4 protein chains.
Amino acid sequence: MKDRAPGLRDRLAAIVAGDDPRFGNRFDEAMLIVILVSLAALGLETVPAIPGWLHTLCIWIERASILLFTAEYAARLGTAKKAWKYATSFWGVIDFLAVAPWWLTMGGAGFQAIRSLRLLRILRALKLVRHLAAIDRVRRAFELVREEMAVFGLLALILLFIAGVGIYEFEHEAQPVAFSSIPQSLWFVVVTLTTVGYGDVYPVTTGGKLFTVLILVTGIGIVALPTSLITTGLTRAREEEKARKQKPAAEQT
Amino acid sequence: MKDRAPGLRDRLAAIVAGDDPRFGNRFDEAMLIVILVSLAALGLETVPAIPGWLHTLCIWIERASILLFTAEYAARLGTAKKAWKYATSFWGVIDFLAVAPWWLTMGGAGFQAIRSLRLLRILRALKLVRHLAAIDRVRRAFELVREEMAVFGLLALILLFIAGVGIYEFEHEAQPVAFSSIPQSLWFVVVTLTTVGYGDVYPVTTGGKLFTVLILVTGIGIVALPTSLITTGLTRAREEEKARKQKPAAEQT
Amino acid sequence: MKDRAPGLRDRLAAIVAGDDPRFGNRFDEAMLIVILVSLAALGLETVPAIPGWLHTLCIWIERASILLFTAEYAARLGTAKKAWKYATSFWGVIDFLAVAPWWLTMGGAGFQAIRSLRLLRILRALKLVRHLAAIDRVRRAFELVREEMAVFGLLALILLFIAGVGIYEFEHEAQPVAFSSIPQSLWFVVVTLTTVGYGDVYPVTTGGKLFTVLILVTGIGIVALPTSLITTGLTRAREEEKARKQKPAAEQT
Amino acid sequence: MKDRAPGLRDRLAAIVAGDDPRFGNRFDEAMLIVILVSLAALGLETVPAIPGWLHTLCIWIERASILLFTAEYAARLGTAKKAWKYATSFWGVIDFLAVAPWWLTMGGAGFQAIRSLRLLRILRALKLVRHLAAIDRVRRAFELVREEMAVFGLLALILLFIAGVGIYEFEHEAQPVAFSSIPQSLWFVVVTLTTVGYGDVYPVTTGGKLFTVLILVTGIGIVALPTSLITTGLTRAREEEKARKQKPAAEQT
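Rules used in this analysis
Residues numbered from 1 in each chain as written. Chains lettered and ligands numbered in written order. Predicted model: local features only at pLDDT ≥ 70, side-chain atom pairs only at ≥ 80, totals over all residues. Helix = DSSP H or I, 4+ residues; strand = E, 2+ residues; numbered from the N terminus. Buried ≥ 20, exposed ≤ 12 C-beta atoms within 10 Å, placed from the backbone. Contact = placed C-beta atoms within 7 Å. Nonpolar A, V, L, I, M, F, W, Y, C, P; charged D, E, K, R; others polar. Least-squares fit on C-alpha atoms with pLDDT ≥ 70 in both. Expected span 1.5 Å × (residues − 1). Axes fitted to C-alpha atoms, helices over the stretch in contact; angles between N-to-C directions. Parallel < 35°, antiparallel > 145°, perpendicular 65-115°, else oblique. Left-handed = near helix turned anticlockwise from the far one by under 90°. Domains from an automatic or database assignment. pLDDT = per-residue confidence, 0-100.

*Asks:* Mind showing me how you'd approach the overall build of chain A here?
*Replies:* Within chain A, the regular secondary structure consists of eleven helices and zero strands. Each helix and strand of chain A, ordered N terminal to C terminal, gives the series α-α-α-α-α-α-α-α-α-α-α. Expressed as a percentage of the 253 residues in chain A, the buried residues total 35%. Put simply, 59% of the contacts in chain A that link residues at least 6 apart link residues at least 24 apart.

*Asks:* Could you clarify how one ought to interpret the interface of chain A and chain B in this entry?
*Replies:* By a widespread convention, an interface's size corresponds to the accessible area lost as its parts come together. Between chain A and chain B, the residue contacts involve 34 residues of the former and 31 residues of the latter. For the side of chain A that touches chain B, the elements supplying multiple residues, two or more each, are α2 (24-44), α7 (123-130), α8 (135-144), α10 (182-193) and α11 (206-252) of chain A. Ranked by residues supplied to the side of chain A that touches chain B, first place goes to α11(A) with seven residues. The residue makeup of the side of chain A that touches chain B, split by class, is 21 nonpolar, ten polar and three charged.

*Asks:* Sorry if this is basic, but what is going on with the relation of the copies chain A and chain B here?
*Replies:* Both copies of the chain are placed relative to one another by a rotation about an axis and a shift along it. Turning chain A through 90 degrees and shifting it by 0.0 Å along the axis lays it on chain B, with an RMSD of 0.1 Å. The superposition of one copy onto the other is thereby described by a four-fold rotation axis. An asymmetric contact is evident, with only 12% of the interface residues of chain A recurring at the interface of chain B.

*Asks:* Sorry, what's going on with α10(A) here?
*Replies:* In an α-helix, one full turn covers 3.6 residues, which means residues spaced three or four apart are oriented alike. All names here are of chain A. End to end, α10 covers 16 Å across twelve residues, agreeing with the expected 16 Å (1.5 Å per residue, within 8%). Taking burial as the measure, the twelve residues of α10 include eleven buried ones, the bulk of the element. Immediately downstream of α10, the backbone of Thr195 shows phi near 60 degrees, a positive value.

*Asks:* Hey, could you run me through the environment of Met149(B) in this one?
*Replies:* All names here are of chain B. For Met149, the position within the fold is in helix α9 (residues 146-171). Overall, the presence of 18 C-beta atoms within 10 Å leaves Met149 in the partly exposed class. The sequence separation of Met149 and Val138 amounts to eleven residues, and the corresponding C-alpha distance is 14 Å. Residues in contact with Met149, not counting those within four places in the same chain, are Pro226 and Leu229.

*Asks:* Help me understand the packing of helix α3 (residues 52-79) of chain B against helix α5 (residues 90-105) of chain B, please; the structure alone is not making it clear to me.
*Replies:* Each packed pair of helices is defined by two parameters, the angle between the axes and the distance between the axes. Residues and elements named next belong to chain B. It is the contact of α3 with α5, at a shortest axis distance of 10 Å, that shows an interaxial angle of 135 degrees. Relative to α5, the element α3 lies oblique. Relative to α5, α3 is oriented so that their crossing is left-handed. Of α5, the residues touching α3 (which contributes Ile66, Phe69, Thr70, Glu72, Tyr73 and Arg76) are Asp95, Phe96, Ala98, Val99 and Trp102. When the residues that make up the contact of α3 with α5 are grouped by side-chain class, the tally is seven nonpolar, one polar and three charged.

*Asks:* Is there a simple way to explain the domain arrangement of chain A in this structure?
*Replies:* Structurally, chain A comprises domain 1 (6-132) and domain 2 (140-252). For domain 1 of chain A and domain 2 of chain A, the distance between their C-alpha centroids amounts to 35 Å.

*Asks:* In this structure, what is going on with the packing of helix α5 (residues 90-105) of chain C against helix α7 (residues 123-130) of chain C? I would like to understand it.
*Replies:* All names here are of chain C. Two elements in contact, α5 and α7, have axes whose closest approach is 8 Å; the angle formed by their N-to-C orientations is 145 degrees. The handedness of the crossing between α5 and α7 is left-handed. Residues Trp91, Ile94, Leu97 and Ala98 of α5 pack against Leu123, Arg124, Leu126, Lys127 and Arg130 of α7. Of the residues contributing to the contact of α5 with α7, the split by class is six nonpolar, no polar and three charged.

*Asks:* Would you mind going over the environment of Leu12(D) with me for this structure?
*Replies:* Residue and element names in this part refer to chain D. Its location among the elements puts Leu12 in helix α1 (residues 6-17). Distance in space between the C-alpha atoms of Leu12 and Gly78 is 9.2 Å, their sequence separation being 66 residues. Setting aside chain neighbours within four positions, we find Leu12 in contact with Ala75 and Thr79.

*Asks:* Quick question: what am I supposed to make of unusual backbone geometry here?
*Replies:* In terms of backbone geometry, most residues other than glycine have negative phi values and most peptide bonds are trans. At Thr195(B), a position not held by glycine, the phi torsion is positive, near 60 degrees. Examined against the element boundaries, Thr195(B) turns out to sit in the loop between α10 (182-193) and α11 (206-252).

*Asks:* Got a minute to help me understand the confidence of the model for chain A in this structure?
*Replies:* Low pLDDT marks regions whose predicted coordinates should not be analysed in detail. Residues and elements named next belong to chain A. When pLDDT is averaged along chain A, the result is 82; 87% of the residues meet or exceed 70. Helix α6 (residues 112-115) is the least confidently modelled element of chain A, averaging 55 in pLDDT, while α10 averages 93, the highest of any element. Among the prediction metrics, the complex's ipTM stands at 0.83, with pTM recorded as 0.86.

*Asks:* How do you make sense of the environment of Gly92(A) when you look at a structure like this?
*Replies:* All names here are of chain A. Its place among the elements puts Gly92 in helix α5 (residues 90-105). Residue Gly92 is classed as partly exposed on the basis of its 18 C-beta neighbours within 10 Å. Considered as a pair, Gly92 and Leu77 are 15 residues apart in the sequence and their alpha carbons are 8.2 Å apart. If near-sequence neighbours (up to four positions away) are discounted, Gly92 is found in contact with Tyr86 and Ala87.

Now the structure itself:
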């Protein structure tokens, strides 16, 4: 199989890698559009109010895009220098999981266990990221603040746990359903510290309210910090790029 | 018409452009006050509790300001070097849309289709921005962080979609009304990731709650980042201005 | 009166200004404690569950602190170089308004109109700021970002208004009570854009939800920006201080 | 007792301090795992739906970890150069409070007064922080912005109080239960200014709504500022570290 059509295989490899002199870039753009259209169909399909023909169209778009994604997966697998390396790489796994559930259920409902695999369809959206050129600076920004992120992530986890146990002790007796267990109380803590505050659970005892005020004062900063950190990281990533560009020029003088 | 009163026309052009030696700046200030008063009347008019005379006054203010805005539009159109260039420019469109709906309905209710045009009245508020001198630095700040904004905008969209499909799969069976479709689920996702959390929809299943926690942890940073980015942009825009001012001085030495 | 006890008057002036060699600083500290204790009493007094003696104690603390604040006001007024200049200064007005309502009602309920003046009691808390030494850098930080604050304040106001009119047009028919008028709709807009989201009002129509998503995407950044701006201001205020300290040293070399 | 086994005691001291040539680091890692497992058991134990054997396992894990923590406390106390210094140090107190409640109640329910001590179990999570190497930079960052934090902390407290008294005056008559007293109103203020907004309390009067808008506009920045401040602190702490590393190199040249 390897030697059957070396010219065609090299061509295909160049196309999916995006550096074919004639089709490379167009393949990239075409796949982007296929992904976007298939995502739109995926969402639209679930709206009960749409007319029948639109629903049928959505299903056919779904089927067509699955075929295309499968063809893309096969092409990438077939043209990769080491097939297993691609299959176990991040994008290889995403590409596989984006189509596998459909083939397992053949687009139908299937068994309960297999049906829950349908959730994996959302991974298709991640395929968009591959086509995002500017993602490198973002990755670099995350790398630059990795350490601080880890520390604040851990501090946040510790705080979450302390808050969960604490609010459970205060509110469990007064609200045995809403604060039925510590894991259940963690739902309240996450909703509170992210400042979402749906209002489905909230403390009613004086002790619980005081404790909530306490964890809000201590915790909001810790939970909101990663955003600030990434901005810092982005600023520094940009400065690095600037310095790298200026260096060769400076060395010449 | 072009040659009837060239002196008057030039004068008018100078006045609306804001550089007439005698009235220029005053016209600017007067229009600012007209806009503010007309906006106040627009809001007040809808309060059921106001007395009749105030309601009538609001309606007359509305009519007077529409006349003034129309006169302004005519003046700008008539004095512009190329009338079509102004008419299709950003401010030309805003100026037109701020008065057109009123003339179409003659201030009355009109047909349903035309009535919905009344929403365009709010564009009048945008006219205020024209009189905002310091808007340039803000625009420059946005320009400086355009790339990062685009990346995070796209990441946010991808995340929104993944979250919408995911929460739909988890909650659709338990809450068929609140999570009736994927577009409907996106309402929940936006309200959650912006941390507004009205409480009209929230997950009730354990899977849905865990998934919500997951998207909160991943997503809040991405959604809140643009604010931090613009601050960075503003800081850099200011530094640019400073450098530009210092350069001529430095070059002299 | 001016000449009766010049020595005593100078002494008093030094004490309230905080630079008396013996009592100056202590007067400052004593007033801080009086303010804090009086604020605590003000709050505690309203709790229905407290025993009678504590309630009586709170009332007496209230009376005593009013006497002390009045004495402080009289002393500052009497020792100021120009009495009217103090009386019309920021702190002079705060000092006056913190005691005036009590004297007008003699601590009792009084007429409805005068009773609403009781709200002015909260100004007493502002008196704490006078004793806050580090407030200068904060004021400088605000000064440094004044321009940006003004621009974003105005943009936020424009956005609020546009959003208020818009959501009113979308939701008024479906929810005539919650969105009864444009000013009423502004309550929804403020609660939404600050991401508080109590859940007392929220859109129910598809158009209203889409419009809310739109204003959230545009608006959150604008509303949240002042916080980032002040941090930038604080950083720059600190750098200014540092530069000012290093300058004399640098000039010597 | 001090002289019975000096070799063993030194060895033990090295192990708990984490610099024993053979076990030091492993002890650290083992304790980390013990803490994590014991925290997981603490949470899981309260879930009503778990099977009986898992509940029993959780209780045994709890007992075993208490024994280990007690042994650790005894080892640290016995090997410390000055036992009292350790016992009164921050970590000494945490180590003690993490086990004391269990011994007092012997894992049972105990008297009401002692049962409330169970809340101290959550301090166990704090023990994790000791094993967090990167915590130093975070501490330094807090130190660097200590002054600003203090100022904004105080401003936030003053604002909270003013807002609490104000909203009480506006809403007490209309909602005598939700705004029953000033301390009760502070709950509303904290939930509002942190933008959590559960929706259990919200203003209903026009005055109350206007006042809430006012405190939101003034207050959100003050409450959200600490997060921005810590990011600034982290950036500066990192720059300090960098400068410290470069200094020796620079001094050599």
